[in-house]
Amino acid sequence: GAVVSQHPSWVICKSGTSVKIECRSLDFQATTMFWYRQFPKQSLMLMATSNEGSKATYEQGVEKDKFLINHASLTLSTLTVTSAHPEDSSFYICSASPPSGNTIYFGEGSWLTVV
Amino acid sequence: GNSVTQMEGPVTLSEEAFLTINCTYTATGYPSLFWYVQYPGEGLQLLLKATKADDKGSNKGFEATYRKETTSFHLEKGSVQVSDSAVYFCALRDYGNNRLAFGKGNQVVVIP
């Protein structure tokens, strides 16, 4: 079964609203999680590194005020897309690894459509 | 910085044909290399990996060998099936962290 779970799998929201995506590690604690974005027919691009108990580290070109990341517990990171616009429509996927190992687990991904 | 390059364009082939998807990389240090597969409407699944030079990763009939001398990690399968139709991503990870750099991906379509 899944060891990293994302919710929701699909979400449609109106322009200007905010939407939150959750990433949970089910069987282990993760001090670090990663958020990626995938535009249609393109590769996955790392957006940010989510750090438990501290601020996220954003990749160059990613707006931190638009993509709010909160890693409030060792099993949960959330990505909030604020004031969403149609160009934010994309596939968002998170990854996490147990502290004792180097296996990377991906969530199922979340499809966001902004209308 | 680290980067991964995959061959351009989708790949269309007949069932039981031989599949090769090229992947080359640029990295400092000693990265681990991965192939991920994404089936339609689904998330990423690890297909295989190799953590050091000359390692061969294999799974479900797919193979890839970590070639440090050519900085390559080409994916191969001797006889593809329709169920292998998916997008395949090559990726690398730096030693010591879990950030991944992905190639652009190749869509593979297997025709019966």
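No experiment lies behind these values; they were computed from the predicted model shown.

Draft legend 1. Representation of the overall build of chain A in the model. Scanning chain A from terminus to terminus reveals zero helices and 11 strands. Beginning at the N terminus, the succession of helices and strands in chain A can be written as β-β-β-β-β-β-β-β-β-β-β. Taking 2.2 N^0.38 as the reference for a compact globule, 115 residues should give roughly 13 Å; the C-alpha atoms of chain A span a radius of gyration of 13 Å, in line with that estimate. Principal axes of the C-alpha set define a box for chain A whose edges measure 40 × 30 × 20 Å. Taken over 115 residues, chain A has a buried fraction of 50%. A total of about 5700 Å² of accessible surface is found on chain A, and carbon and sulfur atoms cover 52% of it. Averaging the positions of the 8 positive and the 9 negative side-chain charges in chain A gives two centres separated by 5 Å.

Draft legend 2. Representation of the sheet that holds strand β8 (residues 62-65) of chain B within the structure. Residue and element names in this part refer to chain B. Strands sit in the order β3-β9-β8-β7 across an open sheet of four strands; the sheet is antiparallel. Single-partner strands in this sheet number two, and they are β3 (19-21) and β7 (56-59). Each strand axis lies, on average, 15 degrees off the axis of its neighbour in the sheet, ignoring direction. Here β3 pairs with strand β9 (residues 75-77) via three bridges, running antiparallel. For I21, the partnering residue across the bridge sits in β9 and is L75.

Draft legend 3. Structural view of the interface of chain A and chain B. Facing 19 residues of chain A, the contacting portion of chain B comprises 15 residues. Between chain A and chain B lies a buried interface of about 1400 Å² when both sides are counted; carbon and sulfur atoms form 55% of it. Taken together, the connections running from chain A to chain B amount to one salt bridge. Here R99 of chain B and E59 of chain A are joined by a salt bridge, their closest N and O atoms 2.8 Å apart. Where chain A meets chain B, there are five residue pairs in polar contact (both at pLDDT 80 or more). Every element with two or more residues in the side of chain A that touches chain B is listed here: β4 (32-38), β5 (44-51) and β9 (90-96) of chain A. Among the residues making up the side of chain A that touches chain B, the classes are represented as nine nonpolar, eight polar and two charged.

Draft legend 4. Molecular detail of unusual backbone geometry. Following H7 of chain A, the chain continues into P8 of chain A via a peptide bond in cis, with omega recorded as 0 degrees. With respect to the helices and strands, P8 of chain A occurs in the loop between β1 (4-7) and β2 (10-13). Phi at S83 of chain A takes a positive value of approximately 45 degrees, unusual for a residue other than glycine. Here S83 of chain A lies in the loop between β8 (76-81) and β9. One non-glycine residue, K60 of chain B, lies in positive phi territory at about 55 degrees. Structurally, the position occupied by K60 of chain B is in the loop between β7 and β8.

Draft legend 5. Quick look at the pairing of β8 of chain A. Residue and element names in this part refer to chain A. Most of β8 is tucked away, with six of its six residues classed as buried. Both faces of β8 are covered, namely the face carrying L76, T78 and T80 and the face carrying S77, L79 and V81. Two strands pair when backbone bridges link them, and strand β3 (residues 19-25) and β8 are joined in this way by six bridges, in the antiparallel orientation. What sits directly across from R24, in β8, is L76. Inspection of the sheet shows strand β7 (residues 67-73) paired to β8 by five bridges, in the antiparallel sense. For S73, the partnering residue across the bridge sits in β8 and is L76. Counted between consecutive antiparallel strands, the loop separating β7 from β8 contains two residues.

Draft legend 6. The packing of aromatic side chains, seen in detail. Taken as a whole, this structure holds 13 aromatic pairs over all chains when the rule is applied. An angle of 85 degrees between the planes, with centres 6.2 Å apart, marks the rings of F89 of chain B and F102 of chain B as edge-to-face. Residue F89 of chain B is located in strand β10 (residues 86-93), and its partner F102 of chain B is located in strand β11 (residues 100-102); the two are separated by 13 residues in the primary sequence. The two residues F89 of chain B and F102 of chain B agree in class, both being buried. Among the aromatic residues, those joined into a ring-pair cluster are Y36 and F106 of chain A together with F34, Y36, F89 and F102 of chain B.

Definitions and cut-offs
- Residues numbered from 1 in each chain as written.
- Chains lettered and ligands numbered in written order.
- Predicted model: local features only at pLDDT ≥ 70, side-chain atom pairs only at ≥ 80, totals over all residues.
- Heavy atoms only, no water.
- Helix = DSSP H or I, 4+ residues; strand = E, 2+ residues; numbered from the N terminus.
- Rg over C-alpha atoms; globule rule 2.2 N^0.38 Å.
- Buried < 20%, exposed > 50% of the residue type's maximum accessible area, 1.4 Å probe, protein only.
- Areas by Shrake-Rupley, 256 points an atom, 1.4 Å probe, with all protein chains shown as cover.
- Lys, Arg positive; Asp, Glu negative; His and termini not counted.
- Charge placed at Lys NZ, Arg CZ, Asp CG, Glu CD.
- Pairing = 2+ DSSP bridges.
- Axes fitted to C-alpha atoms, helices over the stretch in contact; angles between N-to-C directions.
- Contact = heavy atoms within 4.5 Å.
- Buried area = accessible area lost by both parts, 1.4 Å probe.
- Salt bridge = Lys/Arg side-chain N within 4 Å of Asp/Glu carboxyl O.
- Polar contact = N/O pair within 3.5 Å; in protein donor to acceptor, adjacent residues only side chain to side chain.
- Nonpolar A, V, L, I, M, F, W, Y, C, P; charged D, E, K, R; others polar.
- Phe/Tyr/Trp six-rings, centres within 6.5 Å; stacked < 30°, edge-to-face > 60°.

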